Amino acid sequence: MSGLSALTPAQLEMLLNGPALAPPDGVIPNFDNPPNKNYIAQAVVPLCLVLTSIAVFLRVYARIFCVKKVEIPDALMTIAFGCYVTDIYLGYRLQENPGAFVHQWDVRLKDMPDILFPLFLSASFYIGVVLTIKAAILLEWVRIFIPYGVRNRFFWLSYGVLGANTIFYIITLFVMNFACTPVEKNWNPLFEGGSCTINTQAVNIASAVLNLCSDVFILLLPQRIIWGLKMNTKTKVGVSFIFAIGVLCCFAAGFRLGAELDYTKSDDVLFNITPVMLWALGEMTCMFLVFGVPSGAKIMSDSHIPSRLASSLRSLKGRLPQRSSRGSGSGPASWPSSSMVVNNSQEKSSHTYYHKINNGNGDMLLTIDSSQGIPPPSSESTEHLKDHALEAGVLAPEGTIVRTTQFVTREDYGGYERDMIVYDGYERQHPWSRDRI
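What you see is a predicted model, and the numbers here were worked out from it, not measured in a lab.

### Some words on the overall build of the protein
- Of regular secondary structure, the protein possesses 14 helices and five strands.
- Here the protein, with 437 residues, has 38% of them falling under the buried criterion.
- Of the contacts formed within the protein by residues at least 6 apart in sequence, a portion of 71% connects residues at least 24 apart.
- Of the roughly 25300 Å² of accessible surface on the protein, a fraction of 63% belongs to carbon and sulfur atoms.

Okay, structure coming up:
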């Protein structure tokens, strides 16, 4: 603002204590208690912080305690999270003074430098977040989908996007911080002298457009590989969930672009900057979720929580007596998990039956002697034997195969195990690949 030095002290004091923007006709400025919508920020900001913290925790826990290996994407995520928390703190400063969605004519002109300075810093930390977290996502996808030493189209596209993003965001950060000379003129409208040679509004719009394009491209980049894999239903649900988060990230970036357009068209800077910051916060939160949530599957598989839960349910079911499924249902109750083993090593007149009962704490064998007139207990596992042998009065000769059991085993390897399994096989066949960059 020029011409302040030409004003008298009384005129200068009146100007500084006046509204930062001329109010509309019929509107009286309210400096002491300006109307705001802090409740929106109070609901959105803590929710985003909690979700992001959970995603970061899952990633850190999986890498330290499960995989026991920390790589470059994890370091980038740590830097991004630090910038994210700082950006949230700067947003809280706007919420405290003057408030969210406060019109600029409800703020004194002399208070504008203190209000605009955190907003100026917030834009820089936002770039720090998206630069590092997008790089972490791309590097993680290269690690998951590309075998070590392979240089295919997905590899070059990923690194091409990574390089373009890095160059773009660094240039944007430099332009935003040095648009005015001296730098203080960027946030201090009362600073006399200096100049602003760069149109920051055009830079903000171009940055929002390219940022949206980058989000969409990163979302679509691995889809052909992902959906071309043979996956079970559970895996498909997990992939669909991550894809949905990526779609939400693109929506947030699109709404941020719309808010950025409204911000550049209006003179009411304080009111229109709030939706820009909130949509940017939602976009950053979705990026952290895309990067960190898949680690939850690794934690679940290593901790065996699903299998332990299923075992507990089976044990609980085994403790509950149930009616026998054979006969009219009027017979005595039997344990569903019991089984019977026949020992034919004795004479035909006397056979020893072993009744196996799962009592919840382990298996127990009860010996039942048929010579004493005690019939062998019925069970689901001996139904076919009883139908074909016991009821016919004929016992199978010793050494006869009376039952066959087929076992099927399958090993699934996710992104984390590939370093230990898939790469191991690849390096055995291609030992020279270890020295490739």
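Moving on, there is more to tell.
### Remarks on the state of the cysteines
- Within the structure shown, the criterion is met by one disulfide.
- Each disulfide pairs two cysteine sulfurs, and for C180 the partner residue is C196, the sulfurs being separated by 1.9 Å. Residues C180 and C196 share a disulfide whose torsion about the S-S bond is about 105°; that sign makes it right-handed. Here C180, found in strand β1 (residues 180–181), pairs with C196, found in strand β2 (residues 195–196); they are 16 residues apart in sequence, far enough to count as distant.

### Focus: a nonpolar patch on the surface
- A grouping of F57, V60, Y61, I64, F65 and V70 is seen on the molecular surface, where their side chains present a nonpolar patch of about 590 Å² in accessible area.
- Within the element layout of this structure, F57 appears in helix α2 (residues 38–67).
- Classification of F57 as exposed rests on a relative accessible area of 53%.

### Some thoughts on the environment of I72
- Locating I72 in the fold gives a position in helix α3 (residues 72–96).
- According to the relative accessible area criterion, I72 is exposed, its value standing at 56%.
- Residues I72 and A136, 64 residues apart in the sequence, show an inter-C-alpha distance of 7.5 Å.

### Notes on the nonpolar core
- Counting residues in hydrophobic clusters, the biggest one holds 54 residues, and the most contacted among them are Y84, I133, I137, W141, L281, M284 and F288.
- Elements with a minimum of two residues in this core: α2, α3, α4 (112–145), α5 (153–177), α6 (200–220), α8 (233–265) and α9 (269–292).
- Non-local contacts of F288, meaning those with residues more than four positions away in its chain, are made with T52, A55, V56, M77, A80, F81, Y84, V129, I133 and V293.
- If you look at the next biggest cluster of nonpolar residues, it comprises 17 residues, including A20, V107, F120 and W187.

### Notes on unusual backbone geometry
- With an omega of 5°, the peptide bond between N97 and P98 qualifies as cis.
- Cis geometry is found at the peptide bond from T181 to P182, where omega equals -5°.
- Tracing the backbone shows P182 in the loop between β1 and β2.
- The phi dihedral of K68 is positive, around 60°, even though this residue is not glycine.
- Examined against the element boundaries, K68 turns out to sit in the loop between α2 and α3.

### With respect to the layout of surface pockets
- Approximately 1300 Å³ is the volume found for the second largest pocket.
- When contributions to the lining of the second largest pocket are tallied by element, the ones reaching two or more residues are α2, α3, α4, α6, α8 and α9.

### A closer look at the packing of α2 against α9
- Running from amino to carboxyl end, α2 crosses α9 at an angle of 20°, the nearest separation of the two axes being 8 Å. When the axis of α2 is compared with that of α9, the two are roughly parallel. For the pair α2 and α9, the sense of crossing is left-handed. In contact with I40, V44, V45, C48, L51, T52, A55, V56, L58 and R59 of α2, α9 contributes L278, L281, G282, T285, F288, L289, F291 and G292.
- In terms of residue class, the contact of α2 with α9 is built from 13 nonpolar, four polar and one charged.

### What about the confidence of the model for the protein?
- Of all residues in the protein, 69% attain a pLDDT of 70 or more, and the chain-wide mean is 78.
- Counted against residues more than four places away or in other chains, residues 353–374, with its pLDDT under 50, gives 52 contacts.
- Ignoring residues within four places in sequence, the model shows residues 433–437, a span with pLDDT below 50, making nine contacts including any to other chains.

### Topic: the packing of aromatic side chains
- Taken as a whole, this structure holds 14 aromatic pairs when the rule is applied.
- Between the aromatic rings of F57 and Y61, the centroid separation amounts to 5.9 Å while the plane-to-plane angle is 40°, which identifies the pairing as tilted. Residue F57 and its partner Y61 are located together in helix α2, separated by four residues, close to a single helical turn.
- The exposure class of Y61 is partly exposed, given its relative accessible area of 33%.
- Members of the aromatic cluster, each reached through a chain of ring pairs, are F57, Y61 and F65.

Parameters and conventions
Residues numbered from 1 in each chain as written. Predicted model: local features only at pLDDT ≥ 70, side-chain atom pairs only at ≥ 80, totals over all residues. Heavy atoms only, no water. Helix = DSSP H or I, 4+ residues; strand = E, 2+ residues; numbered from the N terminus. Buried < 20%, exposed > 50% of the residue type's maximum accessible area, 1.4 Å probe, protein only. Contact = heavy atoms within 4.5 Å. Areas by Shrake-Rupley, 256 points an atom, 1.4 Å probe, with all protein chains shown as cover. Disulfide = S-S within 2.5 Å. Patch = residues over 30% accessible without salt bridge, like charges linked within 9 Å, V, L, I, M, F, W, Y side chains within 5 Å. Salt bridge = Lys/Arg side-chain N within 4 Å of Asp/Glu carboxyl O. Core = buried A, V, L, I, M, F, W, Y, C linked by side-chain atoms within 4.5 Å. 1 Å grid on protein atoms, 1.4 Å probe; cavity = no way out; pocket = protein on both sides within 12 Å on 5 of 7 lines; lining within 4 Å. Points joined across faces, edges and corners; volume = space filled by probe spheres on them. Axes fitted to C-alpha atoms, helices over the stretch in contact; angles between N-to-C directions. Parallel < 35°, antiparallel > 145°, perpendicular 65-115°, else oblique. Left-handed = near helix turned anticlockwise from the far one by under 90°. Nonpolar A, V, L, I, M, F, W, Y, C, P; charged D, E, K, R; others polar. pLDDT = per-residue confidence, 0-100. Phe/Tyr/Trp six-rings, centres within 6.5 Å; stacked < 30°, edge-to-face > 60°.

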